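# Inside the fold
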Amino acid sequence: MDNWYLDGVVAPSEKHRNKALAWQNQLTKPAGSLGRLESLAVELAALQHNLHPSAARVAMAVFAADQGVCAESVSAFPQAVTAQMVANFAGGGAAISVLAKSLGASLEVINLGTVQPTAALPQVIDATIAPQSGNIARAAAMTHEQLQLALAAGRAAVQRAQANNTDLFVAGEMGIGNTTTATAMLCRLLEVDPALLAGPGTGLDSAGVSHKARVIEQALNLHAQARDPVEVLRCLGGFETAALVGAYIACAQTGIAVLVDGFICTAAALLASRINPAIVPWLILSHASAEPGHRLAVEAMGQVPLLDLGLRLGEGSGAAVAVPLVRLACDLHNGMATFAEAGVADKAR
Ligand SMILES: O=C(O)c1ccc[n+]([C@@H]2O[C@H](COP(=O)([O-])O)[C@@H](O)[C@H]2O)c1
Ligand SMILES: Cc1cc2nc[nH]c2cc1C
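The residue numbering used here restarts from 1 in each chain and proceeds along that chain's sequence as written. As a convention, the first chain written is A and the first ligand written is 1, with the rest following in written order. Only residues with pLDDT of 70 or above have their local features reported here, since the model is predicted, and side-chain atom pairs are shown and tallied only from 80 upward, although totals for entire chains, interfaces and linings are computed over all residues.

### As for the site of ligand 1
Here is the check we use: build the C-beta atom from the backbone, and if it is within 6 Å of the molecule or strand, call the residue near. Close to ligand 1 lie 23 residues; S75, G201, G262, S289 and G314 are nearest. For helices the rule is a DSSP run of H or I covering at least 4 residues; for strands it is a run of E covering at least 2, with both sets numbered from the N terminus onward. Every element with two or more residues in the shell around ligand 1 is listed here: strand 4 (168-174), helix 6 (178-190) and helix 11 (263-275). Of the residues forming the shell around ligand 1, the biggest block, three residues, is contributed by helix 6. By the convention adopted, Pro, Cys, Tyr, Trp, Phe, Met, Ile, Leu, Val and Ala count as nonpolar, Lys, Arg, Asp and Glu as charged, and the other residues, Gly among them, as polar. Residue composition of the shell around ligand 1, by class: seven nonpolar, 11 polar and five charged.

Structure representation (structure tokens):
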């Protein structure tokens, strides 16, 4: 079996980090006064091995797939919405379509398998593995072969982005029922009870959330032997989450910084970092999702997300909204005058 996802990653440059930090401290502002915008630029300089970090070229990819666990009535919306939204992404009407256009970013829609067939749309990459993943409450989500295909679909998207000299990668997902599979994976990785982590997703009421927690409990019991992160993903995940995992690891291996979206994407990021811990510096958490379980996943990543706007859409939308912030951080770093250049007196020593 090809275990490419265990291979080494590009190491962030300590030299560029130190030089970028020294540069920030020469700019006409009290050191540290631009807060997170400073550390973002410094971190990007280290990741990009470039003292002039850039977020100009942004590649976005939305991975879509149906979840077998929808058979257990775990979502407020019908499963058919996954395929319908794939068409909406391609047609330009979805939130991520509008955001990508507004930001001048490329947007790929990658369909890994939906129960409802979608028309052959030129804007959609057909990477169908099966109509849906297995129902995790009754079977494994994927076979070993299906998992490899999903991981490879994520890596392929990154390889296309790399060919276009991408500065920043934004991944999103679409899959009715995937807050259930993502929660199941998180429960196993964090060893937390489903009742603590299950949330409304697209809008379940409290009875619906309790039922969802019981379905997750059933899945965790069925897959009690799945402890290794790759096996957790195979048994409890979904095709789109596996593609996200493949994409995140491939980004670190090719040296492309990532903005991680909300609940499902953070679950994928955590899982990917359990598979290959060296990828962690490459993953920037973009926003705090309103899905209640996100807080624990974020804590496990050891980061504070850039934004907290109450978003809980998915599709990569929260990560897209954070792109202007990253661009501004780069512009400030690259464009501000130093104390010496501007003839401004530096701090008294
Ligand atoms: O990313 C998030 O924070 C997020 C939180 C709640 C729901 N979603 C989106 O809603 C869908 C999953 O919700 P559900 O209730 O069907 O499991 C899926 O398409 C996700 O993109 C996404
Ligand atoms: C309409 C709709 C759009 C979405 N985008 C991501 N998840 C979604 C779920 C629904 C229900």
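### Some words on the packing of helix 1 (residues 14-24) against helix 2 (residues 35-48)
For the pair helix 1 and helix 2, interaxial distance at closest approach is 7 Å and the crossing angle is 150°. The chirality of how helix 1 crosses helix 2 is right-handed. Contact residues: H16, R17, A20, L21 and Q24 in helix 1; E38, A41, V42, A45 and A46 in helix 2. Grouping the amino acids of the contact of helix 1 with helix 2 by side-chain chemistry returns six nonpolar, two polar and two charged. What counts as an axis is a line fitted to C-alpha atoms, over the stretch in contact for a helix, and the angles between N-to-C directions run from 0 to 180 degrees. For a crossing to be left-handed, the near helix must be turned anticlockwise from the far one by less than a right angle; the clockwise case is right-handed. The contact rule is simple: place each C-beta atom from the backbone, and if two of them lie within 7 Å, those residues are in contact.

### Structural notes on the packing of helix 9 (residues 229-236) against helix 11
Helix 11 packs onto helix 9 with a crossing angle of 145° between their chain directions and a minimal axis gap of 8 Å. Touching P229, V230, V232 and L233 of helix 9 are L271, R274 and I275, all from helix 11. Its residues placed into classes, the contact of helix 9 with helix 11 shows six nonpolar, no polar and one charged.

### Here's the deal with helix 6
To estimate the expected span of a helix, subtract one from its residue number and multiply by 1.5 Å. Here helix 6 spans 18 Å end to end across 13 residues, near enough to the 18 Å set by a 1.5 Å rise per residue. Residue burial here comes from a neighbour count, namely the number of other C-beta atoms, placed from the backbone, that lie within 10 Å of the residue's own C-beta, with 20 or more meaning buried, 12 or fewer meaning exposed, and in between meaning partly exposed. Regarding helix 6, the residues found buried are N178, T179, T180, T181, A182, T183, A184, M185, L186, C187, R188 and L189. The first or second residue beyond helix 6 is E191, which carries a positive phi of 55°.

### Description of the site of ligand 2
Neighbouring ligand 2 are the residues F77, V81, M85, M174, T202, L313, G314 and E315. Within the shell around ligand 2, the residues separate by chemical class into five nonpolar, two polar and one charged.

### Here we look at the UniProt feature "active site" (unreviewed entry) in the protein
UniProt positions are given in the numbering used here, feature names are shortened, and annotations may be inferred rather than shown by experiment. This chain's UniProt record puts "active site" (unreviewed entry) on E315. With respect to the helices and strands, the residue E315 is situated in the loop between helix 12 (294-301) and helix 13 (317-335). Classification of E315 as buried rests on a count of 28 C-beta atoms within 10 Å. Ignoring any residue separated from it by four or fewer positions in sequence, one finds E315 in contact with V62, A94, A95, I96, G172 and M174.

### Points about the environment of H144
Position of H144 relative to the elements: it lies in helix 5 (residues 144-163). When the C-alpha atoms of H144 and Q162 are compared, they prove to be 27 Å apart, with 18 residues separating the residues in sequence.

### Describing the environment of A71
Considering the arrangement of structural elements, one finds A71 in the loop between strand 1 (58-64) and helix 3 (80-91). Classification of A71 as partly exposed rests on a count of 14 C-beta atoms within 10 Å. In sequence terms A71 and V344 are 273 residues apart; their C-alpha atoms lie 66 Å from each other.

### Describing the pairing of strand 5 (residues 257-260)
Burial of strand 5 is two-sided: the residues A257 and L259 facing one way and the residues V258 and V260 facing the other way are all buried. Note on pairing: two strands pair once DSSP finds at least 2 bridges between them. Note: strand 4 against strand 5, three bridges, orientation parallel. Bridge pairing in strand 5 places L168 opposite A257. With three bridges joining them, strand 5 and strand 6 (residues 283-285) adopt parallel strand pairing. Following the sheet pairing, V258 is matched in strand 6 by L283. Seen with its strands pointing away from the viewer, a crossover is right-handed if its path from the first strand over the helix to the second goes clockwise. Where the polypeptide runs from strand 5 across helix 11 and back to strand 6, its parallel neighbour, the crossover connection is right-handed.

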